[in-house]
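Here are the chains, one letter per residue:
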Amino acid sequence: MKKPKKFLLFTLISTTALIAAACGNEESNSSASASESGEQNSWERIEDSGKLVVGTEGLYFPVTYFDETTKELTGFDVEVVRAIGDKLGLEVEFKTMEFDGLLPALRNGQIDVAANDFSITEERLEKFDFTVPVKHSYGSAIVRESDDSGITTVDDLAGKKVGGAATSNYSDYAKEQGAEVVVYTGSDTVLPEIVQGRVDATLNDYLVLIQALEQFDKPGLKLAENVKFSPNSSGLVMQKDSPELKEQLDAALTELIEDGTVTEISLEFLGADVTKPVEVE
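The structure reproduced in this document is the subject of the present report.

Rules used in this analysis
Residues numbered from 1 in each chain as written. Predicted model: local features only at pLDDT ≥ 70, side-chain atom pairs only at ≥ 80, totals over all residues. Heavy atoms only, no water. Helix = DSSP H or I, 4+ residues; strand = E, 2+ residues; numbered from the N terminus. Buried < 20%, exposed > 50% of the residue type's maximum accessible area, 1.4 Å probe, protein only. Contact = heavy atoms within 4.5 Å. Areas by Shrake-Rupley, 256 points an atom, 1.4 Å probe, with all protein chains shown as cover. Phe/Tyr/Trp six-rings, centres within 6.5 Å; stacked < 30°, edge-to-face > 60°. Core = buried A, V, L, I, M, F, W, Y, C linked by side-chain atoms within 4.5 Å. Axes fitted to C-alpha atoms, helices over the stretch in contact; angles between N-to-C directions. Parallel < 35°, antiparallel > 145°, perpendicular 65-115°, else oblique. Nonpolar A, V, L, I, M, F, W, Y, C, P; charged D, E, K, R; others polar.

### Here's the deal with the overall build of the chain
Counting secondary structure elements, the chain contains nine helices and 13 strands. Sorting the 281 residues of the chain into buried and exposed places 55% on the buried side. In the chain, 77% of the contacts between residues at least 6 apart in sequence involve partners at least 24 apart. Summed over all atoms, the accessible surface of the chain reaches about 11,900 Å², with 46% contributed by carbon and sulfur.

### Thoughts on the packing of aromatic side chains
Scanning the entire structure with this criterion turns up five aromatic pairs. Both rings, one in F99 and one in F118, keep their centres 5.2 Å apart while their planes meet at 20°; by these two values the pair is stacked. With F99 in helix α3 (residues 99-107) and F118 in strand β6 (residues 113-119), the pair connects residues that are 19 residues apart, well separated along the chain. The exposure class assigned to F99 is buried, which follows from its relative accessible area of 3%. One aromatic cluster is present, formed by Y170, Y173 and F229 through successive ring pairs.

### Structural notes on the environment of V162
Locating V162 in the fold gives a position in strand β9 (residues 161-164). Residues V162 and A141, spaced 21 residues apart in sequence, show a C-alpha to C-alpha distance of 9.4 Å. Excluding anything up to four places from it in sequence, V162 contacts L157, A174, A179, E180, V181, V182, A201, T202 and L203.

### Observations concerning the nonpolar core
Core analysis: the largest hydrophobic core is formed by 36 residues, its most contacted members being V54, F76, I84 and L249. When residues in this core are grouped by element, the largest group, seven residues, is from helix α2 (residues 76-88). Aside from chain neighbours lying at most four places away, what touches V54 is V81, V92, E93, F94, K95, I111, V113 and A115. Within the second largest apolar cluster, 16 residues are counted, among which are V154, V181, A201 and F229.

### Here's the deal with the packing of α2 against helix α8 (residues 243-258)
Following both chains from N to C, one finds α2 and α8 inclined at 110°, their axes separated by 9 Å at the closest point. Considered as vectors, α2 and α8 are oriented roughly perpendicular to each other. Taking contact as the criterion, the partners of V80, A83, I84, K87 and L88 in α2 are, on α8, Q248, L249, A252, L253, E255 and L256. Along the lines of polarity and charge, the residues of the contact of α2 with α8 split into eight nonpolar, one polar and two charged.

The structure is reproduced here in structure tokens:
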């Protein structure tokens, strides 16, 4: 695959992006449920329509973003979903929306699947169904290069200011370590703030952070190599109690993992094979 040019206006670190995707933890208190949305989770309905409607953000490089040259939506999750659609003989229609609106949109039946590097957690599994894991990784941090922002291990997060999204597993983790979370919105905002010393760090998937540094392409920042935490797996999200849809998506995704397609996509967009679980020392 030809590596796409990166979209200059994306933000890796924003309320709806960076610490969200692999990570957003609150999906809203919407009262709608799978049962209330009728046959939204029906594989038969999707098969008859010939279309899979997928919600994604489009601002979370390199997972879901718009290519600078083609202006087309692409990224790791996006291309995996397209490959699943090809395998199942379905047209894939993407609907882009704010990260915090993805799971409510899924719950309300506006989309069939949410694809935005959603970590598979016990809390989410109580409310939604997930495919088999499509990506395995762990958390890390970007800090100032000059002084490590005073952060060399996870324990050093206590008392620091961490920039990120309001609804995020990574923001929750920072708070648990005693850090103050400073919420950022819009594009390309948090990394310069770390350089200027207004915040000390930002947390996210380490592979995503590496790509963020490459895209930022300015001095003053680095990956905190020894800050490693929360090994995680992410997948595509469906409404709760979607057994037939889950069976179809799982079968297609398993084939794509076994034949090397997902590895190829992950090497292109993330620079590593993310199909195998990781351990953190």
